[in-house]
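As a plain string of letters, each chain reads:
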Amino acid sequence: MKFGTLSLDHAEGAVLAHSVALDKGRLRKGRVLSAEDVETLRGAGLSEVIAARLEAGDLGEDVAAARLAQALVPDPERAGLRIGKAATGRVNLHAEAPGVIEVLADRIHALNALHPMITVATVREWQRVAAGSMVATVKIISYAVPEAALEAACLAAQSALRLRPVVCRTAQLIQTTVDGKDNGDKGQAVTRDRLDRLGVTLGPQQVVPHRAEPLAKAIGETQADIVLILTGSATSDLFDVAPEAVRQAGGSVTHFGMPVDPGNLLFFGTLQGRPVIGLPGCARAPALNGADFVLERLLCGVPVTSQDIAGMGVGGLLKEIPARGRLREA
């Protein structure tokens, strides 16, 4: 692509780089100048314009953006994403349903490193999205790019994005009370709000004594797709009341603790193939905490491993929740 000042004698077919105000209206930047446009510019007293002219082997910005978006999401229906129409070198991609976004970051990094005028920006990996949310934007910065560079970007970008929709449609929160005074209203209300974001139905309010036996009985009786536990006294060990209750109910505990604050005292496991999460006490507040990172993925059928948890420390220092019993700095 050649960019610069062009005499109007040679401007037909070039892409206007800057909008030009006329007595009536304006010619907007990005317009491919026609013979009529050139005469209009002459009539306005101009003899030259700043414009871009495509060369052999170049692709226009809209064609390039559309092709790269198609490479990112070859099968939009299967990926749960909608590809928008190309305009001014941009194509936006939106989620078709609630869920979390899977991003193959290495592929996005690779395509963005190939040519400075070929770019893709996405939401963070595993970000929760609602139906209709924008999850990525493809932007060709210049008016055209070499086709060879675009083809390399398309190859690097293959199937780098998809929506992981919600698979757990029902949840049961089981709370414990130490002294029998906590009715669980706050925990139930905040948890319902969290689940509503992804269209998950929360079962009836349930509070049991803070002992392994009654908690195990409640866990074993629920038929919900995912079981959530919020204890009246914080879980402080892998063999504390709540993890032990999961094991007594016939389940297993995969991991305890996480390098995210607030949210350190989380554990999770499985019961008859269904996920179980022991929520930290900060989950009683609506603010973002480590439990959100795990809950949203498991609701969408995304496996979470101990290695995944270990990788959450960078970026895991979240905004303090003032209502916490023990703050980082008194």
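Provided above is the structure to which this section pertains.
Presented here is an overview of the structure given in this document. (Residues numbered from 1 in each chain as written. Predicted model: local features only at pLDDT ≥ 70, side-chain atom pairs only at ≥ 80, totals over all residues. Heavy atoms only, no water.)

In the contact formed by helix α2 (residues 61–72) and helix α5 (residues 147–156), the axes pass within 9 Å of each other and the chain directions differ by 20°. Our classification of the angle between α2 and α5 gives roughly parallel. Classified by chirality, the crossing of α5 by α2 is right-handed. Contacts between α2 and α5 pair Ala 64, Arg 67, Leu 68 and Ala 71 from the former with Glu 147, Leu 150, Glu 151, Ala 153 and Cys 154 from the latter. Looking at side-chain class alone, the contact of α2 with α5 contains six nonpolar, no polar and three charged residues. (Axes fitted to C-alpha atoms, helices over the stretch in contact; angles between N-to-C directions. Helix = DSSP H or I, 4+ residues; strand = E, 2+ residues; numbered from the N terminus. Parallel < 35°, antiparallel > 145°, perpendicular 65-115°, else oblique. Left-handed = near helix turned anticlockwise from the far one by under 90°. Contact = heavy atoms within 4.5 Å. Nonpolar A, V, L, I, M, F, W, Y, C, P; charged D, E, K, R; others polar.)

An α-helix turns once every 3.6 residues. As a result, residues three or four positions apart point the same way. Those residues of helix α8 (residues 241–248) that sit buried are Val 241, Ala 242, Pro 243, Ala 245 and Val 246. In this structure, the buried side of α8 is in contact with α7 (212–221), β18 (226–230), β19 (252–256), β20 (267–271) and β21 (274–279). After α8 finishes, the residue Gly 250 shows a positive phi value of roughly 100°. (Buried < 20%, exposed > 50% of the residue type's maximum accessible area, 1.4 Å probe, protein only.)

The next subject is the sheet that holds strand β1 (residues 2–7). Two modes of strand pairing occur in sheets, parallel and antiparallel, and in both the strands are linked by backbone hydrogen bonds. Here we have three strands laid out as an open sheet, ordered β1-β5-β2, and antiparallel in their pairing. Looking along the sheet, the strands with just one partner apiece sit at the ends: β1 and β2 (15–16). (Pairing = 2+ DSSP bridges.)

It is worth spelling out the nonpolar core at this point. Within the largest apolar cluster, 35 residues are counted, with the highest numbers of intra-cluster contacts made by Leu 68, Leu 72, Ile 101, Val 135 and Val 138. Every element with two or more residues in this core is listed here: α2, β8 (90–95), β9 (99–103), α4 (105–112), β10 (118–122), β12 (134–140), α5 and β14 (161–165). Tallying contributions element by element places α2 first for this core, with six residues. Excluding its chain neighbours within four sequence positions, the residues that come into contact with Val 138 are Ala 65, Leu 68, Ala 69, Leu 72, Gly 89, Arg 90, Val 91, Leu 93, Thr 119 and Val 120. Cys 168, Leu 198, Leu 228 and Ala 291 belong to the second-largest nonpolar core, a separate cluster that totals 32 residues. (Core = buried A, V, L, I, M, F, W, Y, C linked by side-chain atoms within 4.5 Å.)

One open sheet accounts for four strands, arranged β7-β8-β12-β10; its pairing is antiparallel. Two strands bound the open sheet, and with one partner strand each, they are β7 (81–83) and β10. Strand-to-strand twist across the sheet, computed as the mean angle between neighbouring axes with direction ignored, equals 15°. Lying on the sheet, α2 is in contact with β7, β8, β10 and β12; it crosses β12 at an angle near 140°.

The subject of this paragraph is the pattern of salt bridges. Pairs can form between side chains of opposite charge whenever their charged atoms are close. Taken as a whole and assessed by the stated rule, the structure comprises 11 salt bridges. For Arg 162, the salt bridge goes to Glu 102, with nearest N and O atoms at 2.6 Å. Note that Arg 162 is positioned in strand β14 and Glu 102 in strand β9, a separation of 60 residues in sequence. In this structure Arg 162 comes out as partly exposed when scored by relative accessible area, which is 38%. A salt bridge links Arg 194 to Asp 292; the shortest N-O distance between them is 2.6 Å. Of this pair, Arg 194 sits in helix α6 (residues 185–196) while Asp 292 sits in helix α9 (residues 290–299), placing them 98 residues apart in sequence. Overall, Arg 194 belongs to the buried group, its relative accessible area being 8%. Three or more residues joined by partner-sharing salt bridges are found here, namely Asp 9, Glu 39 and Arg 42. (Salt bridge = Lys/Arg side-chain N within 4 Å of Asp/Glu carboxyl O.)

Remember that the coordinates give geometry; whether it matters functionally is a separate question.
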